[in-house]
Amino acid sequence: MKVLKFKALTLLALFIGTTSVIAQKAETPNQNYDLGSSINEMSLTVGGVLVVATNEGLVGIRPTESQPVFKFNNFGKLKPEETDFVPNSPYIIVSQGVGSKFAGIAKTKRAVIDYMTGKVIFNSDTDNWNQVFTINVVLPQNKLIISGIQKEGDKFEKSTPKVAVYDLATSKIDYSFFLDKPGRVGIAKDLSITGTPLLLKNMLILPTAQGLIAKSHTGEDIWTNKIKGINWMVADATEKEIYGFETTSNGKNTRIHKIGDNGAELWKDDRKVQGNISNFQILPQGLAVVSDKSDGGSSSVFAAKNESEITFLSAASGEDLWDKAPKTKGYVQHFYVQDDGILFGIQQGGINKISFDGNTLFKKPLKTGENILVMAESPQGLIYITSEDANIVDLKTGDQVWNKPLKYKNSVAVASTYDSAKNRYLIAADDTVYAIDANSGDVSELAKVKFDEKEAANAMEMRNGNIFMASSQNMMMLGDNGDQKYHGYFKSPGQSGFMKALGGVVAVAATGLSMAHAAQAGMNKTGFGSSNDLRNYNDYGKENQRAADMFASIGDASFTMMSKRFKATAATENAQFILTKLDDGVGLVKVNKDTGKVDKEIVLKDKKPEYQVDDVAGVLYYKANDKTIYAYDLNN
């Protein structure tokens, strides 16, 4: 079998006199953006718009348009911490003066920008707000909740805290109300918002320093409750039972309160759990709570352990339903609710399963290597892959299906995939590709692989029956029998001074986007299908579809644009973008995954290029000089 190995430095020499040059130099950009102000930072959004921070403000760039989508210079130069990209949305929240020691006295400025349309949805200056204390984007309702002091009204109204709810789709205000009666005589009350409001179908619940306040969607009073200092809330599916979470004064523990939709407290006493809650699920059998404890750097024997605590509470009373909590000895990294109990994996190593009545379902906790990268259900049981080992576990007993786990050297990079055609798992670790038969569990060493620059494969996928693997500077294709079809190596431009493609984060966003969205609903569980399933294991198409469905469900025009982006074929589905050292300088190459051949080459002529790659749309953004950005189409 012919083996091709491509070296970036000798690529042209290999083909001189035999074929036409396959690397198409494309140094003329498709778009040239002169921003007129010094560029400080570039951020590639999940919607595919490049947001650039300049000395004058923010600029949004879409590569299909010759002019910026928006320019927001109202607040002037912004610090990185003054710009907040709302996850999984087209919104940017801009804040000025909030972190100042004079906040609350000096004026605070806030704005919300839809970077997909370029529309400024809210601006405290133009929307008559003198102070904005809190600002919350609420999804999927697509609302904006503001609290602060407005400029309009009489002298009493101008000094009374107010809340307003805006529709993000139309930029119009739905309703507003004062938190106290303007001009009320008596001792002033602290009615500051202490946490995230909860927007329900029939009411808005606000956590304040004086307690909970429920308002109708027209701003009318419904009820009040004296539970103070709530940080966040969730409701059950019926919205008749609400759970409020209050971080204790020392910040180390959490109190859970239960309130009815009429404002009544449904538990006799609140329930205190150790640590900060990282996962909370309302189940038919009770309330599953994962809280993370920390010693805070203390070496005292009385300090809390750095580990998660799993608690199961009665929804009716808040009482602990388990006599003894399962030992974790680390932080919960995977958490799955199954028909017969809760399955969890620990970052420091270990997998266990416990029934809803608190009995251990495994004969004993399963010992694993650290950092559980994959936990997925298979016909044989649960396959797990860590940085050190892999095996399949019988979900009823906890017994290992393979007589002994597959072990390899602890590696920061372990790649894996599922070969549906041959019904086998493939794992790349320690310069070896292992094949595990999904039916028998038999393990075989399929191939030895060697990546240059001592890299290890961190990506793996099946392509037309062949096995594709990649790292930062290497690409390799193996046949289904392990024979090497090609190995492409592209010399790195050096480990210092250049910015690696933070756009790579966007490639992760394409597959992990719905996972981030799902964190609020339950760790490793999505509203559009569970990722803890062999059918979805390393299936980027399904992950992209989940992301597209999530955006489409909101219905707004900007979310529709984002949905279309993830429904389209990703540029990285058939190609890899690699920054490398070329004959004419540092540049980016587009390499075909199936052939290993360079389809496109862009020389950046900069030893330390600052750039972003949109792996979904196939666009290179390059900071050509202090004020200019070039955009290159990598698809053609």
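Relevant structure appears above.
As a starting point, this report considers the structure included with it. Along each chain, the written sequence defines residue order, and numbers are assigned to residues from 1. Residues qualify for local features only when their pLDDT is at least 70, as the model is predicted, and side-chain atom pairs are given and counted only at 80 or more; totals for whole chains, interfaces and linings, by contrast, use all residues. As a rule here, side-chain values come from all non-hydrogen atoms in the structure, and water together with hydrogens is ignored.

Some points on the sheet that holds strand β20 (residues 241-247)
Here 4 strands make up an open sheet; going across it, the order is β19-β20-β21-β22 and the pairing antiparallel. Lying at the two open borders of the sheet, with one neighbouring strand each, are β19 (232-235) and β22 (271-274). With direction set aside, neighbouring strand axes in the sheet form an average angle of 25°. The pairing of strand β21 (residues 253-260) with β22 spans 4 bridges and is antiparallel. From the neighbouring strand, isoleucine 256 faces β22, where its bridge partner is arginine 271. At least two bridges found by DSSP between two strands is the condition for calling them paired. Each helix is a run of DSSP H or I of at least 4 residues and each strand a run of E of at least 2, with the numbering of both proceeding from the N terminus. Lines are fitted to the C-alpha atoms to define the axes, a helix being fitted only along its stretch in contact, and any angle between axes, read from their N-to-C directions, falls within 0 to 180 degrees.

Brief notes about the packing of aromatic side chains
We describe a pair of aromatic rings using the distance from one ring centre to the other and the angle between the two ring planes. Each Phe, Tyr or Trp ring, with Trp reduced to its six-membered ring, pairs with another whose centre is within 6.5 Å; inter-plane angles below 30 degrees give stacked pairs, above 60 give edge-to-face pairs, and intermediate values give tilted ones. Under the definition given, this model contains 14 aromatic pairs. A ring pair is formed by phenylalanine 122 and tyrosine 166, whose centres lie 5.3 Å apart and whose planes are at 65°; its orientation type is edge-to-face. Here phenylalanine 122, found in strand β10 (residues 119-123), pairs with tyrosine 166, found in strand β13 (residues 162-167); they are 44 residues apart in sequence, far enough to count as distant. A single burial state applies to phenylalanine 122 and to tyrosine 166, both of which are buried. In textbook terms, an aromatic cluster arises when at least three aromatic residues are bridged by ring pairs, as seen for Trp232, Tyr243, Phe245, Trp267 and Phe280. When the ring centre of phenylalanine 178 is taken as origin, the NZ or CZ atom of lysine 162, which lies over that ring, is 4.9 Å away. Exposure categories follow from relative accessible area, calculated using a 1.4 Å probe and restricted to protein chains: below 20% of the type maximum is buried, above 50% is exposed, and the middle band is partly exposed. Here, a charge over a ring is recorded when the distance from Lys NZ or Arg CZ to the ring centre is within 6 Å and its angle to the ring normal is within 35 degrees.

Focus: the pattern of salt bridges
Whenever a carboxyl oxygen of Asp or Glu lies within 4 Å of a side-chain nitrogen of Lys or Arg, that contact is scored as a salt bridge. Per the counting criterion, the structure on display carries 21 salt bridges. Note that arginine 62 is salt-bridged to glutamate 65, the shortest N-O span being 2.8 Å. What makes arginine 62 buried here is its relative accessible area of 13%. Note on glutamate 65: relative accessible area 31%, which makes it partly exposed.

Structural notes on empty space enclosed by the protein
We place a 1 Å grid over just the protein atoms. Points where a 1.4 Å probe fits but has no way out form a cavity, open points with protein on both sides within 12 Å along at least 5 of 7 lines form a pocket, and any residue with an atom within 4 Å of a point lines it. Grid points are joined across faces, edges and corners, and a volume is the space filled by probe spheres set on the points. Counting across every chain of the model gives 1 cavity of 30 Å³ or more. Considered as a void within the structure, the largest cavity measures approximately 80 Å³ in volume. Around the largest cavity sit Ala413, Ala428, Ala429, Asp430, Asp431, Thr432, Val449, Lys450, Phe451, Glu455, Ala456 and Ala457, which together line it. Partitioned by chemical class, the residues of the lining of the largest cavity number 7 nonpolar, 1 polar and 4 charged. Classification convention: Asp, Glu, Lys, Arg as charged; Ala, Val, Leu, Ile, Met, Phe, Trp, Tyr, Cys, Pro as nonpolar; all other residues, Gly among them, as polar.

A short note on the nonpolar core
The term nonpolar core refers to a set of buried residues drawn from Ala, Val, Leu, Ile, Met, Phe, Trp, Tyr and Cys, joined through side-chain atoms within 4.5 Å. In this structure, Leu58, Phe70, Val94, Tyr115, Phe122 and Leu144 are the most contacted members of the largest nonpolar core, which totals 39 residues. Membership of the second largest hydrophobic core comes to 17 residues, among which are Ile383, Val414, Ala429 and Ile436.

Quick look at the side chain of serine 147
Tracing the sequence through the fold places serine 147 in strand β12 (residues 143-150). For this analysis, a polar contact is any N or O atom pair within 3.5 Å, provided that within protein one partner can donate a hydrogen and the other can accept it, and provided that sequence-adjacent residues contribute only side-chain to side-chain pairs. Reaching out from serine 147, the side chain makes a polar contact with the side chain of threonine 134 at a distance of 2.4 Å. Contacts are assigned to residue pairs with any non-hydrogen atoms lying within 4.5 Å of each other. Setting aside anything within four residues of it in sequence, one finds serine 147 in contact with Trp129, Gln131, Val132, Phe133, Thr134, Lys162, Val163 and Ile193.

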